[in-house]
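# Inside the fold
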Amino acid sequence: MSISKSVVVELLQSFPSWRPQMYFKSSLTALSHAMEDRVLAGSDNPLVIASFQRERFYRQEAHRYRRIANTSDQVYVLASPETDFKHSSHVYETVAFEPTDVLAQEWHLIIIGQHYASCLICREKLTSTVDDKISSAIDASRRFEGIWTFDRQVSIKAAKILLERILIYRPELQNKIEQARQQYLLSQTSAPKKSLKSKQSVTSDSPLANPDPFVQRLVTYLQAGQYKLLKANKSLAIKQQKEQLLNSVTAAIRRSLDIEEILRVAVQKLGEGLGVCRCVVYRCSETDATATINHEFIRPGINSIKGRSWQLEENPLFKEVVELREALSIDHTNKDPRINQQSRSKEKEQYLQNLVQNCSIFSWLLVPVLYKDRLLGMVELHHCEPVPIVWKSEDVALVDAVATQIGVALIQAEAYANLEDLNEQLEALDRTRSNLVAITGHELRTPLSTIQVCLESLASEPDMSPELRQIMLNTALADSERMRQLIQDFLTLSRLESGRIEWNVEPLSLAECVELAISNVRSRLREEKLPPIRNWTSTKLPLVEADGEWLVEVLAKLLDNACKFTNAEGQITIDAQTNGSGSLEVTIADTGRGIEPQRLDRVFDRFYQEEGALRRSTGGTGLGLAICRQIVSGWGGEIWAESAGKNQGSQFHFTIPIFTSSPTTDNQSSSDSKSKTTKNGRKKKRGPNRQSKN
Ligand code: ADP
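Computed from a predicted model, the values in this text were never measured in an experiment.

Reading guide: rules and limits
Residues numbered from 1 in each chain as written. Predicted model: local features only at pLDDT ≥ 70, side-chain atom pairs only at ≥ 80, totals over all residues. Heavy atoms only, no water. Helix = DSSP H or I, 4+ residues; strand = E, 2+ residues; numbered from the N terminus. Areas by Shrake-Rupley, 256 points an atom, 1.4 Å probe, with all protein chains shown as cover. Phe/Tyr/Trp six-rings, centres within 6.5 Å; stacked < 30°, edge-to-face > 60°. Buried < 20%, exposed > 50% of the residue type's maximum accessible area, 1.4 Å probe, protein only. Lys NZ or Arg CZ within 6 Å of the ring centre and 35° of its normal. Pairing = 2+ DSSP bridges. Axes fitted to C-alpha atoms, helices over the stretch in contact; angles between N-to-C directions. Contact = heavy atoms within 4.5 Å. Expected span 1.5 Å × (residues − 1). Polar contact = N/O pair within 3.5 Å; in protein donor to acceptor, adjacent residues only side chain to side chain. pLDDT = per-residue confidence, 0-100. Salt bridge = Lys/Arg side-chain N within 4 Å of Asp/Glu carboxyl O.

Each helix and strand counted, the protein chain has 18 helices and 22 strands in total. A total accessible area of about 35,500 Å² is found for the protein chain, and carbon and sulfur atoms account for 51% of it.

Think of a pair of aromatic rings as described by two things: how far the centres are apart, and how the planes are tilted against each other in angle. Counting across every chain of the model gives eight aromatic pairs. Ring geometry for Phe-52 and Tyr-65: centres 5.8 Å apart, planes at 85°, overall edge-to-face. Linking Phe-52 in the loop between β2 (47–51) and α3 (55–71) with Tyr-65 in helix α3, this pair joins segments that are 13 residues apart in sequence. When its relative accessible area of 12% is taken as the criterion, Phe-52 is described as buried. Here Tyr-65 falls in the buried class, since its relative accessible area comes to 1%. Taking the centre distance of 5.6 Å and the plane angle of 80° together, the rings of Trp-148 and Phe-150 count as edge-to-face. Among the aromatic side chains, those forming a connected cluster through ring pairs are Phe-52, Tyr-58, Tyr-65 and Phe-85. The ring of Phe-57 carries the charged tip of Arg-56 above its face, separated from the ring centre by 5.4 Å. Across the ring face of Tyr-76, the terminal group of Lys-176 is positioned such that the distance to the ring centre comes to 5.8 Å.

Next up on the list: the sheet that holds strand β10 (residues 295–298). An order of β10-β8-β14-β13-β12 is seen for the five strands of this open sheet, with the pairing classed as antiparallel. Each of the sheet's edge strands pairs with one partner strand only, and the pair in question is β10 and β12 (328–330). Strand-to-strand, the axes of this sheet are offset by a mean angle of 10°, without reference to chain direction. Pairing of β12 with strand β13 (residues 363–371) involves three bridges; the strand directions are antiparallel. Within β13, the position partnered with Leu-328 by the bridge is Leu-366. Contacting β8 (278–283), β10 and β14 (374–383), helix α8 (residues 259–274) runs over the sheet at an angle of about 20° to β10.

This part takes up helix α15 (residues 548–564). Its 17 residues give α15 an end-to-end C-alpha distance of 24 Å, which sits within 8% of 24 Å, the value for a rise of 1.5 Å per residue. Counting buried positions along α15 yields 14 of 17 residues, so the element is predominantly enclosed. For α15, the capping residue at the N-terminal end is Asp-547, with a side-chain oxygen 3.1 Å from the backbone nitrogen of Glu-549.

Here we take up the confidence of the model for the protein chain. In the predicted model, the protein chain carries a mean pLDDT of 84, and the fraction of residues at 70 or more is 86%. Segment residues 188–209 is flagged for pLDDT under 50; beyond a separation of four residues in sequence, or across chains, it makes 30 contacts in the model. Predicted confidence for residues 613–617 stays below pLDDT 50, and this span has seven contacts to residues more than four positions away or in other chains.

Mapped onto the elements of the fold, Asp-395 is located in helix α12 (residues 393–460). Setting aside residues up to four positions removed in sequence, Asp-395 forms contacts with Lys-242 and Leu-274.

Moving on to the sheet that holds strand β4 (residues 93–96). The strands that make up a sheet are held in pairs by hydrogen bonds between backbone atoms, and each pair lies either parallel or antiparallel. Here seven strands make up an open sheet; going across it, the order is β1-β7-β6-β5-β2-β3-β4 and the pairing mixed. Pairing within the sheet leaves two strands with one partner each, and these edge strands are β1 (21–24) and β4. Between one strand axis and the next, the sheet turns through 20° on average, direction left out of account. Direction of pairing for β2 relative to strand β3 (residues 75–79): parallel, over a ladder of four bridges. From the neighbouring strand, Val-48 faces β3, where its bridge partner is Val-75. Against the sheet, helix α2 (residues 25–41) contacts β1, β2, β5 (106–112), β6 (117–124) and β7 (143–149), and its axis sits at roughly 25° relative to β5. Docked against the sheet, helix α5 (residues 152–169) engages β2, β3, β4, β5, β6 and β7, running at close to 115° with respect to β5.

Scanning the model with the defined rule gives 27 salt bridges in all. Where Arg-338 meets Glu-320, a salt bridge forms, and the shortest distance between an N and an O atom there is 2.9 Å. Of the two residues, Arg-338 sits in helix α10 (residues 337–340) while Glu-320 sits in helix α9 (residues 316–324), which places them 18 residues apart along the sequence. Residue Arg-338 is classed as partly exposed on the basis of its relative accessible area, which comes to 22%. Here Glu-320 falls in the partly exposed class, since its relative accessible area comes to 25%. Here Asp-489 and Lys-557 are joined by a salt bridge, their closest N and O atoms 3.7 Å apart. Taken together, the residues Asp-489 in helix α13 (residues 466–498) and Lys-557 in helix α15 connect sequence positions 68 residues apart. For the residue pair Asp-489 and Lys-557, the accessibility class agrees, reading buried in each case. Within the structure, one salt-bridge network assembled from shared partners comprises Glu-36, Asp-37, Glu-61 and Arg-64.

Below, the structure is given as structure tokens:
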């Protein structure tokens, strides 16, 4: 059993000329206490009906009602039960109504005595706006509307309505209620009986006998004070709520170093905290043409725009935010000239208009996420209901503060990610360094041990034959030369790998460089019997663009190898062709020892030697090809080896950029040649047994 018709509504239907008034809870409490005190102070034996919204409100006043029950046997207390409140006739009549009964939203107190009558019939005003919710969170500021009067007619009507309701819940009180009706509700026009005894005699000139002017003023005063208090409390509560929101967003996003998580939490907290229809946060830089909406908060019933591509270049609002480096708020998108301007190009104008329409953006707030003036992203709030809103400056300031926190969190996360990258690089570098130290240590120890053994033998064996002595000396000298070469190659490779090389790039004739390399090799290996070297490099080839010294170094090292691994009966050829990708492809081919196909990838590794350093018959350090690879990639070229297998000869190829006199090339500084040549993007030519090392 639950009644849905409001007592306030029913009463006002009977008195259509009466207008309900607004009362704060604190005013109603004061009025109720004044009315109850009047009963306690008098000896009028009145009818008292009090209806509380909940049992807990009644509990706070129960002691008063026990005292009121001493002054009258017609006292009725109604409340919605929460613990043990139930129907009872113990001290006074209690009526436990259903929590779903409309009485649960109302507050009533009716007092009808012989000398006076008054009633307070109100219902709570339910809150809808965010601001109202904030103010109703302060209990004293809960609002009610209804009637408070000393009018006997109105009070009697209110008493009749409530007694009927009591009868529905407690039909057994029929007789008692009938008695109350007879005693209090018939004498509608009865005048105060001065004969009645009272502790504090009430006369017609007493303010309470005709209280309106005095009490009304008091209540107005009370209400005004309450209103001021409410306003102050409200602004305080809003400020506090915003501070809390900012703190909670800051705490949540600073906890994470994951950029996606930061944006997800920020959008959710901000959207919820401001109760906005839609909130999106996206990352962008000021030159981005588009951004993708990956993080969104929407209120139920609002269209999602997650996953959509957001035009930035075409969006004059974005441009304006970027230029001014500050928030942009639009209260009425329909009236904003930036969105509806006729002079704007049709396409741009339509883009914004379509966007506003498709996404139902009636009011729009854009706040940049900045860090030290660098744009990292954007926070957007959309109001999507047809009645636009005015963005309050304190809300804009709050979103701005949140955006600043997002900026800091993003930079932190970025720095962390960079640090992780750097750590990985450092670890890799450390591993390389350790490998290098181990390999170099081994490579240096081997010749050093030989030198030591030879010198020790020479020192300890004075009777050694001159022939053996010579052999010992030659071996020690050869190994010390190998060590010198090793250290030199190792230093060259380190300089190349560390990028500490200055490249003197210039236009060069490849044929001339090849000639120079051949004569270098010949003079170095003049004591050995070399296979014939045929230079087929045409002098008509276009000039190449490289550092001459390093180009000759590559050619000499490849020629050196070809000579080392080809016997005198074999043949070495050098040739070059344009490869159609702005480069020359240089090939040094020999008919010598060849390379097993599965080893083609390894010959460019540091210290790779097929025979192993100890069994080496040809000399060398195992660093030559590693150096060549570094030099060639320095000008953005490629190097690779091809061979049909053992004793089938080998071909080493590398590419080198052709000199071009285009302004971009001319303007490049020599130290910039690495990036320049890389940009040329030469194509790889892959043969069956060929390995590119870049
Ligand atoms: P090294 O100083 O030992 O020549 P490189 O780095 O120049 O060091 O060469 C590494 C290894 O690659 C050589 O030891 C050899 O096994 C192989 N190699 C290089 N060039 C040739 C070639 N033309 N023919 C056969 N094998 C070669």
